[in-house]
Amino acid sequence: MGLICAYSPESALLSLTYAVILFGSVLLHELGHAIVARDFGCETKDITLYPFGGIAQVKLQADPFKEFYIALAGPTVNAFLCVIAFFGFALGVPLMHEILFLNAIMCLFNLLPSFPMDGGRVVRSILARRPGSDYETATATCLKISKWMSWLYVAIGVATGWIGLVIVGGFLLFVNSRGSIR
Ligand SMILES: [Zn+2]
C-alpha cells in the first residue's frame, strides 16, 4: 500500500520539482566556475553534471592563483543561493527550505578537501603556491590527502551506518585511482 501511495501524481510532481531544484543548483554552481574561468581568460571545455554537483572541465590551470578562485566560485554560488533561500524562507516563499538545504549540502560537500571536488583544487592551489613547490608536487600531495580523506569518509560511514558517505568515499577512491586529475 505504501508503495502504491509513493507513486501518486502528487509525489511524482514533488519528485520532479526536487529534480528541477537539484539540476538548477548544480547548473548555477557550474556556471559560477565557468564565469570566473572566462574572466581569467580560461576556456571551459565541457560541464559534466553529477547528481551531487557537476565538474566543469576547465582546462588545466598552470596558475594556482586562478585555480583557487575558479574552484571557489562554484561553492560560493551555492552559499549565495542559501542566503537568498533563507530570506525567501523567512518570507514564507514555498520550496525555499528545500533549496536552502540542498545548496548547503552542495556547498559543504564540494568544499571537501578531496579530488575531484572543488575543495581538493583549493588545497592544491594553496600547496602549489608555497615557496619551492610546483604544480606536480602539489597534485601528488593532494592525491595522497584525497585518498586518506576518502578512506576516512568510508570509515565514518561504516561506523555510523551512513551508507551515503560510504558510497561517496568509494566513488572518490575510484576516481582518484584512475589518476586523471587535471
Ligand atoms: Zn564545483
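Residues numbered from 1 in each chain as written. Predicted model: local features only at pLDDT ≥ 70, side-chain atom pairs only at ≥ 80, totals over all residues. Heavy atoms only, no water.

Undergrad: Would you explain the overall build of the protein in this entry?
TA: Scanning the protein for helices and strands turns up seven helices and two strands. Moving toward the C terminus, one meets the helices and strands of the protein in the order α-α-β-β-α-α-α-α-α. Counting every position in the protein, which comprises 182 residues, the buried fraction comes to 36%. Looking at the protein alone, contacts between residues at least 24 apart form 57% of all its contacts between residues at least 6 apart. Of the roughly 10,600 Å² of accessible surface on the protein, a fraction of 74% belongs to carbon and sulfur atoms. (Helix = DSSP H or I, 4+ residues; strand = E, 2+ residues; numbered from the N terminus. Buried < 20%, exposed > 50% of the residue type's maximum accessible area, 1.4 Å probe, protein only. Contact = heavy atoms within 4.5 Å. Areas by Shrake-Rupley, 256 points an atom, 1.4 Å probe, with all protein chains shown as cover.)

Undergrad: I would appreciate a short explanation of the packing of helix 6 (residues 135-160) against helix 7 (residues 163-178) in the present structure.
TA: Between two packed helices, what matters for the description is the angle formed by their axes and the separation of those axes. Packing of helix 6 against helix 7 leaves a shortest axis separation of 7 Å and a crossing angle of 155 degrees. The pairing of helix 6 with helix 7 is recorded here as roughly antiparallel in orientation. In this structure, helix 6 meets helix 7 at a crossing whose hand is left-handed. On helix 7, the residues that touch L143, S146, K147, S150, W151, Y153, V154, I156, G157 and V158 of helix 6 are L165, V166, G169, G170, L172, L173 and N176. Considering only residue class, the contact of helix 6 with helix 7 consists of ten nonpolar, six polar and one charged. (Axes fitted to C-alpha atoms, helices over the stretch in contact; angles between N-to-C directions. Parallel < 35°, antiparallel > 145°, perpendicular 65-115°, else oblique. Left-handed = near helix turned anticlockwise from the far one by under 90°. Nonpolar A, V, L, I, M, F, W, Y, C, P; charged D, E, K, R; others polar.)

Undergrad: I would appreciate a short explanation of helix 6 in the present structure.
TA: Residues spaced three or four apart along an α-helix point in a common direction, a consequence of the helix completing one turn every 3.6 residues. Along its 26 residues, helix 6 runs 36 Å from first to last C-alpha, staying within 8% of the 38 Å computed at 1.5 Å per residue. On the buried face of helix 6, the contacting elements are helix 3 (64-90), helix 5 (118-128) and helix 7. Two or three places before E136, at the start of helix 6, stands the capping residue D134, its side-chain oxygen 3.1 Å from that residue's backbone nitrogen. Following helix 6 by one or two positions, G161 has its phi on the positive side, about 75 degrees. (Expected span 1.5 Å × (residues − 1). Polar contact = N/O pair within 3.5 Å; in protein donor to acceptor, adjacent residues only side chain to side chain.)

Undergrad: Just checking my understanding: could you explain the coordination of the zinc ion for this structure?
TA: Around the zinc ion, the protein contributes the donor atoms H29 (NE2), H33 (NE2), D118 (OD) and D118 (OD), at 2.0 to 2.6 Å from the metal centre. Coordination at the zinc ion is irregular, judged from the four donor atoms that bind it and the angles of 54 to 149 degrees they form at the metal. Linear spacing of the donor residues for the zinc ion on their chain is H-x3-H-x84-D. Taken together, the residues span about one helical turn, with H29 and H33 both in helix 2 (residues 9-39) at a distance of four residues. (Donors = N, O, S within 2.8 Å, 3.2 Å for Na, K, Ca; no water. Tetrahedral: all angles 85-135°; square planar, octahedral: opposite > 155°, others 65-115°.)

Undergrad: Would you mind going over unusual backbone geometry with me for this structure?
TA: Outside of glycine, negative phi angles account for most residues, and trans bonds account for most peptide bonds. A positive phi angle, close to 70 degrees, is found at L95, a residue other than glycine. Structurally, L95 can be placed in the loop between helix 3 and helix 4 (96-110).

Undergrad: Would you take a moment to explain a nonpolar patch on the surface for this structure?
TA: There is a patch of nonpolar side chains on the surface, built from F23, L27, L28, L31 and I35 and spanning about 430 Å² of accessible area. The exposure class of L28 is partly exposed, given its relative accessible area of 40%. (Patch = residues over 30% accessible without salt bridge, like charges linked within 9 Å, V, L, I, M, F, W, Y side chains within 5 Å. Salt bridge = Lys/Arg side-chain N within 4 Å of Asp/Glu carboxyl O.)

Undergrad: Can you help me understand the side chain of H29 in this one?
TA: Residue H29 is classed as buried on the basis of its relative accessible area of 0%. Of the polar contacts made by the side chain of H29, one reaches the side chain of H33; its length is 3.1 Å. A polar contact of 3.3 Å, which involves the side chain of H29, links it to the backbone oxygen of G74. Excluding anything up to four places from it in sequence, H29 contacts G74, P75, V77, N78, N110 and D118.

Undergrad: Teacher, can you tell me more about helix 3 here?
TA: Compared with an ideal rise of 1.5 Å per residue, which puts 27 residues at 39 Å, helix 3 spans 39 Å between its outermost C-alpha atoms and is within 8% of the ideal. Of all the bends in helix 3, the greatest reaches close to 35 degrees and is centred on A73; the proline P75 follows between one and four positions later. Among the residues of helix 3, P64, E67, I70, A71, A73, G74, P75, N78, L81, C82, A85 and G88 are the ones counted as buried. Two residues or fewer after helix 3 comes G92, characterised by a positive phi angle close to 85 degrees. (Bend = angle between axes of the 7 residues up to and from the residue.)

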